[in-house]
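The chain contents come next:
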Protein chains: 2
Amino acid sequence: MTQKDAYTDPHYAKQALLPEGLRDHLPPYAELEAETVHSVMGVFQSYGYERVSPPLVEFEDSLLIGPAAKNSDNMFRLMDPESRKVMALRSDMTTQIARIASTRLKEHPRPLRLAYSGNVLRVKGSQIRPTRQFCQAGFELIGDSGIQAQIEVIRVAIEGLTQVGLKDLSVDLTIAPFVPAVCADLGLDQVKTAYVRAALDARDVGALQELPTRERKVFEAILQSAGDAQEAVHTLKALAFEGESVMYVIELARLVEALALEFPSVALTVDPGESHGFDYKIGVGFALFSKSVHGELGRGGRYQTSFADGSHESAIGFSMYLDRVMNAIPVPEAKRKVYVPHSVSQDVAKNYRLEGWCVIQGLTDEDNSLIRAQEIAASLGCSHIHSNGECVAL
Amino acid sequence: MTQKDAYTDPHYAKQALLPEGLRDHLPPYAELEAETVHSVMGVFQSYGYERVSPPLVEFEDSLLIGPAAKNSDNMFRLMDPESRKVMALRSDMTTQIARIASTRLKEHPRPLRLAYSGNVLRVKGSQIRPTRQFCQAGFELIGDSGIQAQIEVIRVAIEGLTQVGLKDLSVDLTIAPFVPAVCADLGLDQVKTAYVRAALDARDVGALQELPTRERKVFEAILQSAGDAQEAVHTLKALAFEGESVMYVIELARLVEALALEFPSVALTVDPGESHGFDYKIGVGFALFSKSVHGELGRGGRYQTSFADGSHESAIGFSMYLDRVMNAIPVPEAKRKVYVPHSVSQDVAKNYRLEGWCVIQGLTDEDNSLIRAQEIAASLGCSHIHSNGECVAL
């Protein structure tokens, strides 16, 4: 059978075939992803965020609590023959973390800091992102979502991404409830509010022309203020809102000021008209980007968890998807890898390992032939070989 | 609502309830498990085993290739609405690694060294082990399963378990094809061979009484030789087999000699009558134990992978389940965790982190009250507090 035949053999094809959107991660990618998760989790933990690890599958109901219900269509279902109930594969881990915080860790002192990483699966990939299994990593600060909590979460997110080598970061801030608050302040009814929100989300300046002058001017200003955070804050302050919306502007201003001071090299933008995609957030939302990669690296924001007695607790968190992050990560230097011929003592190999080398020891006699040993070393991807008591580059 | 009411509230119960055999791993367990996996993977990698990471779900067919077919009843099935095919959640990762080796990494030079870790799910837990989701970690040496490869794999397994603090390790060796080979050497037919294997697997000395004297003596000797490896080798050699079985005794003797020399503190046992549970292995099998925990920590052995053209490749690997390993791991010292009050500069917190501390920074003003700050620090599980420019133990 020729090489080509082997690849078209139906049995081979069957073995090699994976469902669309699912794939094998091979060396060196698989290791790099694992190390990246380990690094960011290390950062989260250094800020006191403790790891929790919920199961991959749960009863369907538990995974659809609150805002997670919108994921329903995108979750794989499976029947549990034991309980005869429907279970689902998680498509997002934040719902599980909120569940743990409000049940098993209900009595834990607040603020509660939790971190997590794990795989999530989705029924459908999107056109621009066909992958259906991702590794998600993040952390949640539960029981406090005030300005200091917001700063901490953005700080830890920036530091996590910086730690794994991402550069030229930018933070885009949104305030989902801001536009609805402005509408309320202006006395708009539900229908008009929905109209305005849709127009702003679509950045449809034309649609705003239909509004009375006063309202049109306000919303045009909001739309145009999107961009540099300091300028946006300036514009929004000048609009001099009354009522609840003022609170959001003040909060935004404080956040922008603190972040600009602490992270002068991180670009800060605001999109005050945006509420799409952050619907379940009750205040500030943020997304992190890097100039070197298309699409957001991660996002976070404020939300509320629910207790059994109907009471709520405010929280703020951040979550990143490793596929995006991996696209932006600089390729690390290959690990030093030395070939130690079969005849050399185990102690020599041990010493290399203690010095941090990856060591492949020969399994077969190389007939005392350096050339043969070098061939084997090279075929196994080694950078060096142990020869005549010395470490020699290949 | 009282505390008790909250816990009996049906909504609460719904949130907290997980399917039987599935659970949330909480602090500090979740972190300890993740660190343990990271450590053992580090050991595997230092021996040249490179990480691969297959998806959690695949087409059902791919997960049932070869010996994995026996897992069929214990795999969760799910429908893929995209391909309209049946997929399954993996219940074991070794089948996936063999698939990768014989397809995607078919052209990679041999021996191929691969490592993996990830979660697996099973439909049914067992009575003594009700858990249905495990973390599995292991490595495979593909393209060579000779005596040196066997020694390497057992070496890496011992070192991986030692690295995470396991003590008093023992290795139990089995040779699944040995009893069938002896039966063949003695000229037993299929029915008698099956009878003997069943008797030996059940350690049923009574059943052996039914055999003719010559055969009875041989199988009694095999049954009684189970135990200390050196003694077993001595007994088996003295039985002076002919034919194929001699080869297995010679191989076993070489392996025992090499392991005893390299790991004088590891207890070596052999169970030459055992073939149950290692059916798919084509030679030596081994299981690792620790005196401090009931049940095996991991197991491995020789097997064959299949290419599309019908050819095979011999391989040897090792796989551990983290639930078992975690039971045997010494509880590590708690990480140093310092509380830095809100008013203290970020730079102070940063310096602690650089020194390896876990740092929780206050989110609210503690009113310059040391007592209040100490209360917060203690409630958050800190061991120290930063006070008056110094690090003070609580």
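Up top you'll find the structure we're talking about.
Residues numbered from 1 in each chain as written. Chains lettered and ligands numbered in written order. Predicted model: local features only at pLDDT ≥ 70, side-chain atom pairs only at ≥ 80, totals over all residues. Heavy atoms only, no water.

Visitor: Sorry if this is basic, but what is going on with the sheet that holds strand β5 (residues 112-121) of chain B here?
Guide: The pairing of strands in a sheet comes from backbone hydrogen bonds and takes either a parallel or an antiparallel form. Residue and element names in this part refer to chain B. Judged by pairing direction, the sheet is mixed, and its 9 strands sit side by side in the order β1-β5-β6-β12-β11-β10-β7-β9-β8 without closing on themselves. The outermost strands of the open sheet, each flanked by one partner alone, are β1 (50-51) and β8 (227-228). Relative to strand β12 (residues 312-321), strand β11 (residues 293-306) runs antiparallel, the two sharing 9 bridges. Considered in β12, the bridge of Thr305 is made with Glu313. Most of the contacts of helix α3 (residues 29-46) go to strand β6 (residues 133-142), to which it runs at about 0 degrees, and overall it touches β1, β5, β6 and β12. This element, helix α6 (residues 147-163), spans β5, β6, β7 (169-175), β10 (284-290), β11 and β12 of the sheet and lies at about 15 degrees to β12. (Pairing = 2+ DSSP bridges. Helix = DSSP H or I, 4+ residues; strand = E, 2+ residues; numbered from the N terminus. Contact = heavy atoms within 4.5 Å. Axes fitted to C-alpha atoms, helices over the stretch in contact; angles between N-to-C directions.)

Visitor: For this particular structure, what's the right way to read unusual backbone geometry?
Guide: Peptide bonds are trans in most cases, and residues, glycine excluded, mostly fall at negative phi. Going from Arg110 of chain A to Pro111 of chain A, the amide bond is cis rather than trans, its omega being -5 degrees. Turning to its location among the elements, Pro111 of chain A is positioned in the loop between α4 (94-102) and β5 (112-121). Of note in this structure, Arg84 of chain B is not a glycine but carries a positive phi near 55 degrees. Along the chain, the position of Arg84 of chain B falls in the loop between β3 (77-80) and β4 (85-89). The backbone phi angle of Arg203 of chain B is positive, close to 50 degrees, even though this residue is not glycine. With respect to the helices, strands and loops of the structure, Arg203 of chain B is situated in the loop between α8 (190-201) and α9 (205-208).

Visitor: Would you mind going over empty space enclosed by the protein with me for this structure?
Guide: To locate leftover empty space, one rolls a probe as large as a water molecule over the atoms. What the rule picks out here adds up to 5 cavities of 30 Å³ or more. Of the voids in this model, the largest cavity is the one considered here, and its volume is about 1,100 Å³. Breaking the lining of the largest cavity down by element, the ones donating at least two residues are α3 (29-46), β5 and β6 (133-142) of chain A together with α3, β5 and β6 of chain B. Here the residues of the lining of the largest cavity sort into 21 nonpolar, 18 polar and 10 charged. (1 Å grid on protein atoms, 1.4 Å probe; cavity = no way out; pocket = protein on both sides within 12 Å on 5 of 7 lines; lining within 4 Å. Points joined across faces, edges and corners; volume = space filled by probe spheres on them. Nonpolar A, V, L, I, M, F, W, Y, C, P; charged D, E, K, R; others polar.)

Visitor: Honestly, the pattern of salt bridges in this entry has me stumped. Any pointers?
Guide: Two side chains bearing opposite charge may form a pair once their charged atoms approach each other closely. For the structure on display, the rule yields 37 salt bridges over all chains. The residue Arg104 of chain B makes a salt bridge to Asp24 of chain A at a minimum N-O spacing of 2.5 Å. You can see Arg104 of chain B sitting in the loop between α5 (94-102) and β5 and its partner Asp24 of chain A sitting in the loop between α2 (10-16) and α3, one on each of two chains. Glu251 of chain A serves as the salt-bridge partner of Arg302 of chain A, at 3.6 Å between the closest nitrogen and oxygen. With Arg302 of chain A in strand β11 (residues 293-306) and Glu251 of chain A in helix α11 (residues 244-262), the pair connects residues that are 51 residues apart, well separated along the chain. Of the two residues examined, Arg302 of chain A and Glu251 of chain A, each falls in the buried class. Among the charged side chains, a network of salt bridges with common partners joins Asp24 of chain A together with Glu58, Arg99 and Arg104 of chain B. (Salt bridge = Lys/Arg side-chain N within 4 Å of Asp/Glu carboxyl O. Buried < 20%, exposed > 50% of the residue type's maximum accessible area, 1.4 Å probe, protein only.)

None of this, on its own, says anything about what the molecule does.
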